[in-house]
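Inside the fold
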Amino acid sequence: MVACANASFAADDTGFFRTVDEVARDYASFTDCVPQRDVWIAEAGAEIAGYVRAWQWTQADGVQLYGQLGVVAPPWRRRGIGAALHSWLESRQREMAAFHRSAPRHAHHAFVTEGETARAALLEKAGYRRERYFFTMMRPTLDDVADFSMPPGLEVRPVQPDHFRPIWDAHQRAFRTHWGFSPSGEADFRRWQVSQVFQPHLWQIAWDVRTGEVAGQVRTYIDEVWNTANGRKRGWTEFISVGERWRGQGVARALISLSLRAQKAAGMEESGLGVDSQNLDGANRVYEECGFIVTRRNCVFRKPLELDGAS
């Protein structure tokens, strides 16, 4: 599966790269997918030609969403394998939806990177529409990082284990009004703490000195496996959020500045992040002011899912 996925990722220039250990860890900790039921593989002899995976979650407004991953190795493309796998995936997702009949709406959901033109065409042919664009932004150098100061009354502290819960909860609160937000549960909190992005020594967390609350955060991480595979030294300035009461004061800029310096101190030479193209809090402008530029225009596709037997 990893060989198939990585060949597909490379052909489509997605920028993704997985290892067997990473996939094994992820599959062992899924909270919204049962691989024995929700993964379908196309085999050609001893080789995996392609596969799809289905999972589900509930949006904050009650809409039930059914996500999907689909890959076909380049030698096996244009033979109808992708379409056959996708047909099975939608059938499986209709089965999943039958257990959530009380939901106000159901929708198939797919995130497609800029390079996946064949997958985008398959989805559009199947009746999906482009719902929302998300940008990948890059800062090509970690030199000349602007020094944005932290607002009075806030301070950045080294992260301790007893900080994990308030950091997690603060991020959830900050994102609850964002497009597509889905509340997370205890299983998600536990899974987060064993994920590859859980690197507290790199995080930049702003605390309100008076109240002891988390005012803002940038949860930086470095993907050493991806860097080694691609011959890069890239860090990720990600999971950026500021609590509503502290917005508009330059908290995000100050934390991003600290994050970029931390990445450089860790030996990185560039940094990336992802952002909603229609972010209502002005995040795109903030990131541009911090030296990031748009390098990829990715898209979320959705299609209404009609329940079997629905009136």
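Residues numbered from 1 in each chain as written. Predicted model: local features only at pLDDT ≥ 70, side-chain atom pairs only at ≥ 80, totals over all residues. Heavy atoms only, no water.

1. Some details on the pattern of salt bridges
The condition that has to hold: By salt bridge we mean one thing: a side-chain nitrogen of Lys or Arg within 4 Å of a carboxyl oxygen of Asp or Glu. Each helix is a run of H or I in the DSSP string that is no shorter than four residues. Each strand is a run of E no shorter than two, and both are numbered from the N terminus. The buried label applies to any residue whose accessible area, calculated with a 1.4 Å probe on protein chains only, is under 20% of its type's maximum; exposed applies above 50%, and partly exposed to all values in between.
Under the criterion given, the structure shown has 21 salt bridges. For Asp 143, the salt bridge is made with Lys 264, and the minimal N-O distance between the two is 2.8 Å. Of this pair, Asp 143 sits in the loop between β5 (129-139) and β6 (154-156) while Lys 264 sits in helix α9 (residues 251-265), and the two are 121 residues apart along the sequence. Judged by relative accessible area, Lys 264 falls into the partly exposed class, the value being 43%. Between Arg 285 and Glu 289 there is a salt bridge, with the nearest N and O atoms lying 3.6 Å from each other. With a gap of four residues between them, Arg 285 and Glu 289 both fall in helix α10 (residues 283-289), about one helical turn apart. Under the relative-accessibility criterion, Arg 285 is labelled partly exposed at 46%. Connected through salt bridges with shared partners, the residues Arg 18, Glu 22, Arg 25 and Asp 26 form a single ionic network.

2. Focus on the environment of Thr 295
As a reminder, the rule being used: By definition in these notes, contact holds between two residues if any of their heavy atoms fall within 4.5 Å.
Checked against the element boundaries, Thr 295 lands in strand β13 (residues 293-304). Residue classification places Thr 295 among the partly exposed positions, given a relative accessible area of 37%. Residues Thr 295 and Arg 247, 48 residues apart in the sequence, show an inter-C-alpha distance of 27 Å. Dropping the residues within four chain positions of it, Thr 295 is found in contact with Glu 114, Thr 136, Met 137 and Met 138.

3. A closer look at the sheet that holds β13
Think of a sheet as strands paired side by side through backbone hydrogen bonds, with each pair either parallel or antiparallel. What counts, and what does not: Strand pairing is defined by DSSP finding a minimum of two bridges between the two strands. Lines fitted to C-alpha atoms define the axes here, with helix axes fitted over just the stretch in contact, and angles between the N-to-C directions of these axes take values from 0 to 180 degrees.
Sheet architecture is open: nine strands sit in the order β1-β2-β3-β4-β13-β5-β12-β10-β9, paired in mixed fashion. Here the strands that pair on one side only, and so sit at the sheet edges, are β1 (39-44) and β9 (221-222). Note: β5 against strand β12 (residues 270-276), six bridges, orientation antiparallel. Within the sheet, the bridge partner assigned to Thr 136 lies in β12 and is Gly 274. Those strands touched by helix α5 (residues 117-125) are β3 (64-72), β4 (106-112), β5 and β13, and its axis lies near 160° from that of β4. Sheet strands in contact with α9 are β5, β10 (234-236) and β12, and its direction is about 145° off that of β12.

4. Points about the pairing of β5
Where β5 and β13 come together, nine bridges link them in antiparallel fashion. Residue Phe 135 lies in a different strand from β13, and its bridge partner there is Arg 297.

5. What about the sheet that holds strand β11 (residues 240-242)?
Strand order in this open sheet of four strands is β6-β7-β8-β11, and the pairing throughout is antiparallel. Only two strands of the sheet have a single neighbouring strand rather than two, namely β6 and β11. Put simply, the sheet's adjacent strands are angled 20° from each other on average, direction ignored. The sheet contact formed by strand β7 (residues 204-208) and strand β8 (residues 214-218) spans four bridges and is antiparallel. Along β8, the bridge assignment pairs Trp 207 with Val 214. Along the sheet face, α9 touches β6, β7, β8 and β11 and points at about 145° away from the line of β7.

6. Focus on the pairing of β3
Filter applied, for reference: Looking down the strands as they point away from the viewer, one classifies a crossover as right-handed if the path from the first strand across the helix to the second runs clockwise.
Across the nine residues of β3, seven count as buried, placing the element largely inside the fold. Relative to β3, strand β2 (residues 47-58) runs antiparallel, the two being bridged by nine bridges. Across the sheet, the residue bridging to Thr 58 is Gln 64, located in β3. If you look at the hairpin formed by β2 and β3, you'll find five residues sitting between the two strands, and Gly 62 has a positive phi there, around 95°. Here β3 pairs with β4 via four bridges, running parallel. Paired with Tyr 66 across the two strands is His 108, which belongs to β4. On the question of chirality, the crossover connecting β3 to the parallel β4 by way of helix α4 (residues 81-97) is right-handed.

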